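# Descriptive analysis of the structure
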Amino acid sequence: MTEIIVVTSGKGGVGKTTTSASVACGLARRGKRVAVVDFDIGLRNLDLIMGCERRVVYDFVNVIQGDCTLKQALIKDKRIETLHVLAASQTRDKDALTAEGVRRVLDELIADGFDYILCDSPAGIEKGAHLAMYYADRAVVVVNPEVSSVRDSDRILGLLASKTQRAEQGNGGVKEHLLLTRYNPRRVASGEMMSVDDVKEILGLDVIGVVPESPDVLAASNAGVPVILNDESDASRAYDDAVARLLGEDLPMRFLEEPKRGFFARIFGG
Amino acid sequence: MMTKPVEAGAPAPAIDIRFGQVGLIQVRIRSTEPGAILDELTGKVASAPLFFQRTGVCLDMSPLGRDPQLEEMRAVMEAVRRAGMLPVGLVGGSGAVESLSVALDLPVLAPFRPQTQTIPVVQPAERVEAANPALMQHQPVRSGQRVYARSRDLVVTSTVGAGAEAIADGCVHVYGSLRGRALAGARGDISARVFCQEFRAELVSIAGVFRVFETLPPELAGKPVQAWLDGDDLRFAPLTS
């Protein structure tokens, strides 16, 4: 049974691709067969974050247009055997995606026996974002604790509840999860940033993970290693918890409070 | 909104039916003398041609104080057209307007409230409609969504998000927080009210009388609140338990 999960947000720059890459790695590390598909046609990023940009020969649009087979386009991750990447096309635009084409590729991935298909949605609510969510069974809505991101997520949740196949067919709709990223407990405490509870209350949904703001995320992106693979990082542990919760585990939330600084750190800064 | 539905599975529908509000200019007719109408309107159009040229207008015959004849109406419409405006409807009210609308093939638009004191806005027929069971909305009304309860109350058991619209011809009840817009009495029922459990609204309107909340008054913010129409004034008060 394959589950299709869309990672979406409405707003750009909140961490959709970072989340897609880390959640895909996290699921694959737990032995699941995972395909992660970049729907951001024309602004290909996922392959960079996954560190396979130099191995992209064929892409999603090539498969849709029949230039190659799905097998030729799927890039096997070098670190985790069960993880595969389908890159977006950098040279086309979003009109190259069609509903039938997307359906065909997803069906082929399902027939191939993948456990999870992660759809990394582009920002916005246009065609690319619509097609990324249309066939989803579940949605991870990535949100930053600030008002514009929360507003856009509310909009996306409205679309998930109305413009998806599951919503149209009325079979229970898409299961929605919130994932907070760039969470800074210190700024929350000082009232500069919305808290987890604020976001939960406004959007009326449960939170599947809270990823603290961390320099490791940028470093990981630049290195092409999804941040979840950096075991030293809080962001990695937070993503790993989120993956566990996606799989049904019940874990307490971590990293909601500022880490206590040691005596010497307080004296000498750092 | 997504303007172009993407072809997914079934062919895209040829039409979308949406509830939308547009501002519309009213021409209140005090005399059916076509010459006088043409003269006055031509002057107005010339004063702001970009604004008035080919603009849709609806004709309000109530200031005339009597029901015009069909031929009279045709002459009035011709005068309005020659002045450069396009009649798109009649303001409703009496039964005569209904029959004129059929003969002229123009829709009857709901009466605009403040201008039509002579016509009772709440008609007996709407009283009966108010007995309709409320439209229940158990899912949150999300930003960009719009829920409309036609000829009845709207009950939202969840929240109305910022940028969302909850609209009813009757009352609007929100048992979560109201962060978006609530419009009660959408077709002119001045007795309609808005109730909510947690007031954080952007806009509240009753029978077209509205108030925008750029900042929330501290005595209302976050509280259970009701809004009602007192004459032409929109009033708000916390619901005391």
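Source: prediction; values computed, not measured. (Residues numbered from 1 in each chain as written. Chains lettered and ligands numbered in written order. Predicted model: local features only at pLDDT ≥ 70, side-chain atom pairs only at ≥ 80, totals over all residues. Heavy atoms only, no water.)

## Examining unusual backbone geometry
Residues and elements named next belong to chain A.
- At Arg182, a residue that is not glycine, the phi angle is positive and equals roughly 55°.
- Along the chain, the position of Arg182 falls in strand E7 (residues 175–183).
- Here Arg182 falls in the partly exposed class, since its relative accessible area comes to 43%.
- The phi dihedral of Phe255 is positive, around 65°, even though this residue is not glycine. (Helix = DSSP H or I, 4+ residues; strand = E, 2+ residues; numbered from the N terminus. Buried < 20%, exposed > 50% of the residue type's maximum accessible area, 1.4 Å probe, protein only.)

## Some words on the pattern of salt bridges
- Evaluation of the coordinates by the stated rule reveals 29 salt bridges over all chains.
- The closest approach of N and O atoms between Asp47 of chain A and Arg44 of chain A, which form a salt bridge, is 2.7 Å.
- Residue classification places Asp47 of chain A among the buried positions, given a relative accessible area of 2%.
- The exposure class of Arg44 of chain A is partly exposed, given its relative accessible area of 21%.
- Across the pair Arg146 of chain B and Glu165 of chain B runs a salt bridge, and its minimum N-O distance is 2.7 Å. Here Glu165 of chain B lies in strand E8 (residues 165–168) and Arg146 of chain B lies in strand E6 (residues 146–149), a separation of 19 residues in the sequence.
- On the basis of relative accessibility, which here comes to 41%, the residue Arg146 of chain B falls in the partly exposed class.
- One salt-bridge network, in which partners are shared between bridges, spans Arg29, Arg30, Asp231, Asp240 and Glu249 of chain A. (Salt bridge = Lys/Arg side-chain N within 4 Å of Asp/Glu carboxyl O.)

## Some points on the packing of aromatic side chains
- A complete count under the given rule lists 5 aromatic pairs over all chains for this structure.
- Plain terms: the ring middles of Phe39 of chain A and Phe60 of chain A are 5.0 Å apart, the flat faces sit at 75° to each other, and that makes the pair edge-to-face. Of the two residues, Phe39 of chain A sits in the loop between strand E2 (34–38) and helix H2 (46–50) while Phe60 of chain A sits in helix H3 (residues 60–64), which places them 21 residues apart along the sequence.
- Ring geometry for Phe199 of chain B versus Phe236 of chain B: centroids 5.9 Å apart, planes at 65°, classification edge-to-face. Separated by 37 residues along the polypeptide, Phe199 of chain B in strand E11 (residues 194–199) and Phe236 of chain B in strand E15 (residues 233–238) bring together distant segments of the chain. The exposure classification of Phe199 of chain B matches that of Phe236 of chain B, with both residues buried.
- A connected cluster of aromatic rings, assembled from ring pairs, spans Phe199, Phe213 and Phe236 of chain B. (Phe/Tyr/Trp six-rings, centres within 6.5 Å; stacked < 30°, edge-to-face > 60°.)

## Here we look at the nonpolar core
- Counting 54 residues, the largest nonpolar core has Phe39, Phe60, Leu86, Val102, Leu109 and Leu160 of chain A as the members making the most contacts within it.
- Listed in part, the 38 residues of the second largest apolar core include Ile5, Leu179, Ile228 and Ala242 of chain A. (Core = buried A, V, L, I, M, F, W, Y, C linked by side-chain atoms within 4.5 Å.)

## Re the sheet that holds E7 of chain A
Residue and element names in this part refer to chain A.
- Sheet architecture is open: 8 strands sit in the order E3-E4-E2-E5-E1-E6-E7-E8, paired in mixed fashion. Each end of this open sheet is capped by a strand with a single partner; those strands are strand E3 (75–76) and strand E8 (207–212).
- For E2 and strand E5 (residues 116–120), the ladder comprises 5 bridges, and the chain directions are parallel. Bridging across to E5, Val36 finds its partner in Leu118.
- Along the sheet, helix H7 (residues 147–160) makes contact with strand E1 (3–8), strand E6 (138–143) and E7, crossing E6 at roughly 165°. (Pairing = 2+ DSSP bridges. Contact = heavy atoms within 4.5 Å. Axes fitted to C-alpha atoms, helices over the stretch in contact; angles between N-to-C directions.)

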